[in-house]
Amino acid sequence: LPTAAIVERAGKPMMQTGGASDQIYTQGYKNIFCMFPRASRQLYNTVEYFASLQPAPKSIMFAMANDAFSKTLAEGAIAFGKQKGLPINDIITLPENITDASSLVNQIRSKKPDVLLATTHDQNSLLIARQLISSHVDVPLLYLSLGPQLKSFRDALGNFANGLFFQQFWDERSPYKDAIFGSAQGFASYYGKHFKRDMAYHTASGAACIVAYVHAMKAANSLDPAKVREKLAALDVESLYGRIKFTPEGDGDPLHLGSTVGQVLKGNAEVVFPEASRTAAPTYPAPTWAQKRG
């Protein structure tokens, strides 16, 4: 947020891949651009997926940890879900650091939602999953925003991790085309040849920032900051990270650059929605804990 004010005064465009607070994009700044949507819009693709489910869910429960990011994430998805007419029947606020999820488990047992979306961090997500398993309480679609994308999380749950849904920003296997690297996989291969550090989605989104600059500079036929800024604002191109397109306020388009929907299938983190990003077909309803235990 402080940097956004600096580049605004300087009249220089800035591409970045991390600052997603809504506050950055509600100050009227014209020079800040982000590869992510603002936090309140990051789960738009998740809501679109819920709206596409067959059979359609009759009840959706939200559980949000009481921290700024988790609450903003959930509140944005709830507002968009209500616009879409989704049956959001219960909204539960959890402690920022959960030591016992039995109250949530009891509400799930009582109300039997078809979908539970929990905006929780990794350890909280693991605790919720473990207590649902030990209590034999099933949810046809269990979505934990953070946790299942990590191999350590999947290893901790073993076969019980299969079928869990989660927030996923990028996968090198997604069928994206890129003018510089050829494809998402082409970028991953390039990175693997030149660097030893493990690649994360931040790596790919950082590279996409440079790709965006290149497209904008070519379109402007100039390095003049004002001209490059205008072309960034109008950019609409496919890249290794997905389709680069920004809102008028500069954050990423919530459908083109928002998080995709991931699911654990056969122990692997797969992208199941939207179809343009898919690495595997989703399984819904997910198997029950008893079926996984079998």
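Attention here is on the structure that accompanies the text. On a predicted model such as this, the values are computed, not experimentally measured, just so you know. (Residues numbered from 1 in each chain as written. Predicted model: local features only at pLDDT ≥ 70, side-chain atom pairs only at ≥ 80, totals over all residues. Heavy atoms only, no water.)

### Examining the overall build of the protein chain
The helix and strand tally for the protein chain stands at 10 helices and 13 strands. Overall, the protein chain is about 60 × 40 × 35 Å in size when its C-alpha atoms are taken along their principal axes. Counting only residues that meet the buried cut, the protein chain has 52% of its 294 residues in that class. Relative to all contacts within the protein chain whose residues are 6 or more apart in sequence, the contacts with residues 24 or more apart total 66%. Of the roughly 13300 Å² that the protein chain leaves accessible, carbon and sulfur atoms contribute 52%. Distance between charge centroids for the protein chain: 2 Å, based on 30 positive and 25 negative side chains. (Helix = DSSP H or I, 4+ residues; strand = E, 2+ residues; numbered from the N terminus. Buried < 20%, exposed > 50% of the residue type's maximum accessible area, 1.4 Å probe, protein only. Contact = heavy atoms within 4.5 Å. Areas by Shrake-Rupley, 256 points an atom, 1.4 Å probe, with all protein chains shown as cover. Lys, Arg positive; Asp, Glu negative; His and termini not counted. Charge placed at Lys NZ, Arg CZ, Asp CG, Glu CD.)

### Brief notes about the pattern of salt bridges
For the structure on display, the rule yields nine salt bridges. One salt-bridge network, held together by shared partners, links Arg 38, Glu 249 and Asp 251. (Salt bridge = Lys/Arg side-chain N within 4 Å of Asp/Glu carboxyl O.)

### Structural notes on the nonpolar core
Formed by 33 residues in total, the largest nonpolar core has its most connected members in Met 15, Met 35, Leu 232, Tyr 241, Ile 244 and Phe 246. If you list the elements that add at least two residues to this core, you get α1 (2–10), β2 (32–34), α7 (184–194), α8 (201–220) and α9 (225–233). The dominant element in this core, judged by the number of residues it contributes, is α8, at seven residues. With residues up to four places along the chain from it excluded, the contact list for Phe 246 reads Met 15, Phe 33, Cys 34, Met 35, Leu 232, Leu 235, Asp 251, Gly 252, Asp 253 and Leu 257. Formed by 29 residues, the second largest nonpolar core is a distinct cluster that contains Val 105, Leu 126, Val 137 and Phe 160. (Core = buried A, V, L, I, M, F, W, Y, C linked by side-chain atoms within 4.5 Å.)

### Here's the deal with the side chain of Thr 119
Inspection of the secondary structure assignment puts Thr 119 in strand β5 (residues 115–119). A distance of 3.0 Å separates a polar side-chain atom of Thr 119 from the backbone oxygen of Ser 70. With residues up to four places along the chain from it excluded, the contact list for Thr 119 reads Leu 43, Ala 63, Met 64, Ala 65, Ser 70, Leu 73, Ala 74 and Ser 145. (Polar contact = N/O pair within 3.5 Å; in protein donor to acceptor, adjacent residues only side chain to side chain.)

### Focus: helix α5 (residues 122–135)
Taking 1.5 Å per residue, 14 residues should reach 20 Å; α5 reaches 20 Å between its end C-alpha atoms and fits that length. Looking at α5, one finds that the buried residues are Asn 124, Ser 125, Leu 126, Ile 128, Ala 129, Gln 131, Leu 132 and Ile 133. One or two positions beyond α5, positive phi appears at His 136, with a value near 60°. (Expected span 1.5 Å × (residues − 1).)

### With respect to the pairing of strand β12 (residues 260–265)
Of all six residues in β12, six are buried; the element is thus mostly enclosed. The side-chain alternation of β12 yields two buried faces, one formed by Thr 260, Gly 262 and Val 264 and the other by Val 261, Gln 263 and Leu 265. Bridge analysis of strand β7 (residues 165–168) against β12 gives four bridges, and the strand direction is antiparallel. From the neighbouring strand, Phe 166 faces β12, where its bridge partner is Gly 262. As judged from the five bridges shared by β12 and strand β13 (residues 268–273), these two strands associate in the antiparallel manner. Opposite Val 261, over in β13, you have Phe 273 as the bridge partner. (Pairing = 2+ DSSP bridges.)

### Re the packing of aromatic side chains
Overall, the coordinates contain 15 aromatic pairs when judged by the stated rule. Considering the side-chain rings of Tyr 49 and Phe 165, the 5.7 Å spacing of their centres and the 35° angle between planes classify their relative orientation as tilted. Remark: Phe 165 occurs in strand β7 and Tyr 49 occurs in helix α2 (residues 44–52); sequence separation between them is 116 residues. You can call Tyr 49 buried: its relative accessible area is 5%. Considering the side-chain rings of Phe 187 and Tyr 191, the 6.3 Å spacing of their centres and the 40° angle between planes classify their relative orientation as tilted. Placement of the pair is Phe 187 and Tyr 191 together in helix α7, with a separation of four residues, close to one helical turn. Given a relative accessible area of 4%, Phe 187 falls into the buried group. Looking at Tyr 191, the relative accessible area reads 11%, which means it is buried. (Phe/Tyr/Trp six-rings, centres within 6.5 Å; stacked < 30°, edge-to-face > 60°.)

### A word on α2
For α2, the buried fraction is high: seven of the nine residues fall into the buried class. Here α2 has its buried residues at Tyr 44, Asn 45, Thr 46, Val 47, Glu 48, Tyr 49 and Phe 50.

### Observations concerning the packing of helix α4 (residues 102–111) against α5
Relative to each other, α4 and α5 sit at 55°, their axes nearing to 10 Å. By the angle between their directions, the pair α4 and α5 is classed as oblique. Here the hand of the crossing between α4 and α5 comes out right-handed. On the side of α4, the interface is formed by Ser 102, Leu 104, Val 105, Ile 108 and Arg 109, while α5 contributes Ile 128, Gln 131, Leu 132 and Ser 135. (Axes fitted to C-alpha atoms, helices over the stretch in contact; angles between N-to-C directions. Parallel < 35°, antiparallel > 145°, perpendicular 65-115°, else oblique. Left-handed = near helix turned anticlockwise from the far one by under 90°.)

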